[in-house]
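These are the residues of each chain, in order.
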Amino acid sequence: KTFLMLLLGALTSVVIEVLYSIKEGTSQDFSEYKRLVDPINTGLLIALLLPTSTPIYVLLLAVFIGVYIGKLVFGGYGYYIFNPALVGVLFANISFKSFITYGNTPLVQLKGVLSGDSLNFNLVDLFIGNYDAIAIGSTSVLILFVLFIYLLITKVIDIRISGVFVGSVLLISLIIGYINFGAGMWSYMIVNVVTGLTMFAAVFLVGESVSSPTSRETKWIYAVIVAVMTMLVRVVGDAFEGVVFAI
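Residues numbered from 1 in each chain as written. Predicted model: local features only at pLDDT ≥ 70, side-chain atom pairs only at ≥ 80, totals over all residues. Heavy atoms only, no water.

### Focus on the side chain of Thr198
Link 1 in the chain: As for its position among the elements, Thr198 is in helix H10 (residues 198–205).
Link 2 in the chain: Look past the residues within four positions of Thr198 in its chain and what remains in contact with it is Phe165, Val169, Asn192, Val193, Arg234 and Val243. (Helix = DSSP H or I, 4+ residues; strand = E, 2+ residues; numbered from the N terminus. Contact = heavy atoms within 4.5 Å.)

Dropping the structure here:
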């Protein structure tokens, strides 16, 4: 089903953009393959940000909302104010919450840990992705770490956004862990970074070129605010993952 979701997400996104361009009389833009890259990316991101339990019709609706409402109504690529993929995913999570199940993911367990449960995680399983995931793209953390380092070195992603975001999540979770668990703060910090959407967001979402800040100072502020809001949702919010809401 994972492959089917990725295929349908990308295909639906392309079809929506092509039909819209035909309506607007700009279909010639798609004569070059590179014009298809952005709609494919949007569809893939939406699929990757949803769990495999997501019904196919919910995925298709999420792609439609993300591409049409989140992007095309603002003028298309380069003009939207929010990441279209996140618009679609938020729509799915809010409107079809009861249809999307996550299981006993590590972030769900962290909620229990803060309520008094024991802090007991198998860190090897967390690193290799052997656990109930909240999204298709969240479990390959080793690959995400490699991509993160590579993209920072090649300056594809900005360390002032992605790097500061990850560093802020590390620091905030370490402080929360120390207050609640003392010596167990390191395990608490690791779980917050290697599970959920922390690394996926650092690589693909938080530094997205159109919707993220451009000036030096605002990049730092933006990254810290996203990290703070992410941890606030995880710790005191009803949801157990706050990355999408925060961005």
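### What to know about the layout of surface pockets
Link 1 in the chain: There is about 860 Å³ of room inside the largest pocket.
Link 2 in the chain: In this structure, the largest pocket is lined by 39 residues; those nearest its centre are Asp38, Asn41, Tyr77, Glu208 and Ser209.
Link 3 in the chain: Broken down by secondary-structure element, the contributors of at least two residues to the lining of the largest pocket are helix H1 (2–24), helix H2 (34–48) and H10.
Link 4 in the chain: Looking at the lining of the largest pocket element by element, the count peaks at nine residues for H2.
Link 5 in the chain: Taken together, the residues of the lining of the largest pocket break down into 20 nonpolar, ten polar and nine charged.
Link 6 in the chain: Taken as a whole, the second largest pocket holds about 400 Å³ of empty space. (1 Å grid on protein atoms, 1.4 Å probe; cavity = no way out; pocket = protein on both sides within 12 Å on 5 of 7 lines; lining within 4 Å. Points joined across faces, edges and corners; volume = space filled by probe spheres on them. Nonpolar A, V, L, I, M, F, W, Y, C, P; charged D, E, K, R; others polar.)

### Some details on helix H8 (residues 159–181)
Link 1 in the chain: Within H8 the residues assigned to the buried category are Ile161, Ser162, Val164, Phe165, Val166, Ser168, Val169, Ser173, Leu174, Ile176 and Gly177.
Link 2 in the chain: Buried-residue contacts for H8 involve helix H5 (106–114), helix H7 (141–153), helix H9 (185–194), H10, helix H11 (216–236) and helix H12 (243–246).
Link 3 in the chain: Among the residues of H8, the N-terminal cap falls to Asp158, whose side-chain oxygen and the backbone nitrogen of Arg160 are separated by 2.8 Å.
Link 4 in the chain: Directly after H8, the chain includes Gly182, whose backbone phi takes a positive value near 65°. (Buried < 20%, exposed > 50% of the residue type's maximum accessible area, 1.4 Å probe, protein only. Polar contact = N/O pair within 3.5 Å; in protein donor to acceptor, adjacent residues only side chain to side chain.)

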